[in-house]
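# Structure assessment
One-letter residues, chain by chain:
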Amino acid sequence: MSLQEWQGIFAETTEELVEQYGDNWTIEFDDTIEPEKPARDWYQYIRGAFARFRCSKCKKVWPSKRVLVVFHFHLEKETKKGTVKARRFRQECRRCQEAEMEKPKFAPDNIEVLLEKLVEKIRIRCYRESWGDDYRPLRAVGRSEGPHEAAHCEACLKGVCRKAE
């Protein structure tokens with residue numbers, strides 16, 4: 001899904017924050033953010049999700065159960081603006097030589113779950129709300145069989161993959 005689609009879902013998910021606190025939140029993709037290294041005064045949320053990949057060379061499609069998404073978020077209280085930066089970790093095709101790292105494609109309902117959980121973290125960290133254990137699982141679209149292939153996973157190559165969760 002494109003950034004615009006993520007932004008649309010995020011706008012819906014943050015409507016209550018706008019109504020309740022008057023704060024406007026935005027989301028952007030940023031492939032430079034590093035897990036466990038948020039900027040000063042920023043918070044972090046990391047989640048694995050189901051997504052699909054498509055090789056830009058051979059067109060092979062494969063699913064993955066644990067695609068890592070790292071969110072860094074910050075509320076600038078003076079301007080009432082919240083910013084979220086998201087990094088979606090990539091994978092490469094195991095079939096192709098010199099394969100490119102491909103961006104994941106998430107189903108809309110999995111993006112909704114990711115962003116709902118993110119907003120829970122925003123409420124806890126930025127607004128000091130307490131939040132219950134409301135569980136909504138991610139949905140697997142298709143089948144993902146076989147072992148996790150660390151040699152083709154960007155998060156594994158960077159030492160941050162959470163495949164064992």
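Located above this text is the structure these notes cover.
First things first, this report covers the structure right here in the doc. (Residues numbered from 1 in each chain as written. Predicted model: local features only at pLDDT ≥ 70, side-chain atom pairs only at ≥ 80, totals over all residues. Heavy atoms only, no water.)

Turning our eyes to something else, we now look at the overall build of the protein. A count of helical and extended segments in the protein gives four helices and six strands. Starting at the N terminus and ending at the C terminus, the protein contains elements arranged as α-α-β-β-β-β-β-β-α-α. The buried share of the protein, reckoned over its 165 residues, is 42%. Here the contacts in the protein between residues at least 6 apart in sequence split such that 68% fall between residues at least 24 apart. Of the roughly 9500 Å² of accessible surface on the protein, a fraction of 45% belongs to carbon and sulfur atoms. (Helix = DSSP H or I, 4+ residues; strand = E, 2+ residues; numbered from the N terminus. Buried < 20%, exposed > 50% of the residue type's maximum accessible area, 1.4 Å probe, protein only. Contact = heavy atoms within 4.5 Å. Areas by Shrake-Rupley, 256 points an atom, 1.4 Å probe, with all protein chains shown as cover.)

Of all the residues in helix 1 (residues 3-13), the buried ones are W6, I9 and F10. Down the axis of helix 1, the buried side of the element spans an arc of 100 degrees, and every buried residue falls inside it. Away from its buried face, by an angle of more than 90 degrees, helix 1 presents the exposed residues Q4 and E12. On its buried face, helix 1 sits against strand 1 (24-29), strand 3 (61-76), strand 4 (81-88) and helix 3 (108-127). (Arc of directions from axis to C-beta.)

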